[in-house]
Amino acid sequence: MGSPELSTHLLNGEGARPYLDALARLRIAVFAEWPYLYDGSLQYEQDYLEQYLREPRSLIVLVRDGEQAVAASTALPLESAETEMQAPWRNDGAVLDEILYFGESVVLPAYRGLGLGRRFFALREAHGRALGRSRCTFCAVQRPADHPARPSDYVPNDAFWQRLGYRRRADLHCTFPWVDIGDDQESHKTLIFWERPLEPTEPAPG
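It should be emphasised that the depicted structure is a prediction, and the values quoted were computed from it without experimental measurement.

Draft legend 1. The arrangement of empty space enclosed by the protein in detail. Under the counting rule described, the total for this entry stands at one cavity of 30 Å³ or more. As a volume, the largest cavity reaches approximately 50 Å³. Contributing to the lining of the largest cavity are Leu23, Arg27, Leu49, Ala72, Thr74, Glu104 and Val106. Elements that contribute at least two residues to the lining of the largest cavity include exactly α1 (20-31), β3 (68-77) and β4 (99-107). Its residues placed into classes, the lining of the largest cavity shows four nonpolar, one polar and two charged.

Draft legend 2. Molecular detail of the nonpolar core. If you look at the biggest cluster of nonpolar residues, it comprises 48 residues, and the most contacted ones within it are Tyr52, Leu78, Met85, Trp89, Tyr101 and Phe193. Counting 13 residues, the second-largest nonpolar core is a separate cluster that includes Leu100, Phe138, Ala140 and Tyr166.

Draft legend 3. Inspection of the pattern of salt bridges at higher detail. This model, assessed by the stated rule, comprises 19 salt bridges. Close ionic contact of Glu125 with Arg196 constitutes a salt bridge, the shortest N to O distance being 3.5 Å. Taken together, the residues span a long stretch of sequence, with Glu125 in helix α4 (residues 116-130) and Arg196 in strand β7 (residues 187-197) at a distance of 71 residues. With respect to burial, Glu125 and Arg196 carry one shared label: buried. The residue Lys189 makes a salt bridge to Asp180 at a minimum N-O spacing of 3.1 Å. Assigned by exposure class, Lys189 and Asp180 land together as buried.

Draft legend 4. Highlighting the side chain of Arg143. Counting through the fold element by element, Arg143 comes out in the loop between β5 (135-141) and α5 (158-163). On the basis of relative accessibility, which here comes to 16%, the residue Arg143 falls in the buried class. A polar contact of 2.8 Å, which involves the side chain of Arg143, links it to the backbone oxygen of Tyr36. When sequence neighbours within four positions are dropped, the list of residues in contact with Arg143 reads Trp34, Pro35, Tyr36, Leu37, Trp178, Asp180 and Lys189.

Draft legend 5. Representation of the sheet that holds β5 in the model. Judged by pairing direction, the sheet is mixed, and its seven strands sit side by side in the order β1-β2-β3-β4-β5-β7-β6 without closing on themselves. Each having just a single partner strand, β1 (6-11) and β6 (167-178) make up the two edges of the open sheet. Strand-to-strand twist across the sheet, computed as the mean angle between neighbouring axes with direction ignored, equals 25°. Pairing between β5 and β7: seven bridges, direction antiparallel. Considered in β7, the bridge of Ala140 is made with Ile192.

Draft legend 6. Structural view of the confidence of the model for the chain. Of the residues in the chain, 96% reach a pLDDT of 70 or more, and the chain-wide mean stands at 92. Mean pLDDT values over the elements of the chain span from 93, in β6, up to 98, in strand β2 (residues 59-65).

Draft legend 7. Looking closely at the side chain of Asp65. Within the secondary structure, Asp65 sits in strand β2. Of the side chains with opposite charge, Arg64 comes closest to the buried, unpaired Asp65, at an N-O distance of 9.5 Å.

Draft legend 8. Seen up close, α4. End to end, α4 covers 21 Å across 15 residues, agreeing with the expected 21 Å (1.5 Å per residue, within 8%). Buried within α4 are the following residues: Leu116, Phe120, Phe121, Leu123, Arg124, Glu125, His127, Gly128 and Arg129. Count one or two residues on from α4 and you reach Gly132, which has phi positive near 80°.

Draft legend 9. Spotlight on the environment of Ser134. Relative to the helices and strands, Ser134 is located in the loop between α4 and β5. For the pair Ser134 and Pro197, spaced 63 residues apart in sequence, the C-alpha to C-alpha distance is 5.9 Å. The residues contacting Ser134, other than those within four sequence positions of it, are Glu98, Pro197 and Leu198.

What counts and how
Residues numbered from 1 in each chain as written. Predicted model: local features only at pLDDT ≥ 70, side-chain atom pairs only at ≥ 80, totals over all residues. Heavy atoms only, no water. 1 Å grid on protein atoms, 1.4 Å probe; cavity = no way out; pocket = protein on both sides within 12 Å on 5 of 7 lines; lining within 4 Å. Points joined across faces, edges and corners; volume = space filled by probe spheres on them. Helix = DSSP H or I, 4+ residues; strand = E, 2+ residues; numbered from the N terminus. Nonpolar A, V, L, I, M, F, W, Y, C, P; charged D, E, K, R; others polar. Core = buried A, V, L, I, M, F, W, Y, C linked by side-chain atoms within 4.5 Å. Buried < 20%, exposed > 50% of the residue type's maximum accessible area, 1.4 Å probe, protein only. Salt bridge = Lys/Arg side-chain N within 4 Å of Asp/Glu carboxyl O. Polar contact = N/O pair within 3.5 Å; in protein donor to acceptor, adjacent residues only side chain to side chain. Contact = heavy atoms within 4.5 Å. Pairing = 2+ DSSP bridges. Axes fitted to C-alpha atoms, helices over the stretch in contact; angles between N-to-C directions. pLDDT = per-residue confidence, 0-100. Lys, Arg positive; Asp, Glu negative; His and termini not counted. Expected span 1.5 Å × (residues − 1).

Structure (structure tokens):
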């Protein structure tokens, strides 16, 4: 995984509680970057992560360099996710307990390019298969291409997600509020869903 000091921990439900503060601080640090520009608070993040701690079928993948949390990824059954994430699927006629919802993957800048993103997807998809789920989904924030905070060298993850077999569902979206860095109040952002089917077993490369 790029460094002999990196350790990966697969945590479920309350098993992640000892790492709650570390996970919250990690999320705040990474989501301050484009495209989320999230002006986060420790209390809000701790409260948000409680949905994963109270769901024993959740998965939190934590990567540490020594004792430092440097990357993490989350997933939980869609029927246990926030109602904002459930609503587009309900309106589309989906059976929620067939879907595993992927929360967020966060990686500190110094640890990017080591294959953690791909590994996070593989681990969460394996978790979905173990739960008997037939597909998985996540959503990503949409920002205007001419947004003044957009870095000139920013490359969206769309091509990466497509290579992993995910399909963008422009017809499925939700809105979610947070405070952007530099703002003094919340504003609603649009998030678009992506999905892929989960085969019972991962097909061999070919």
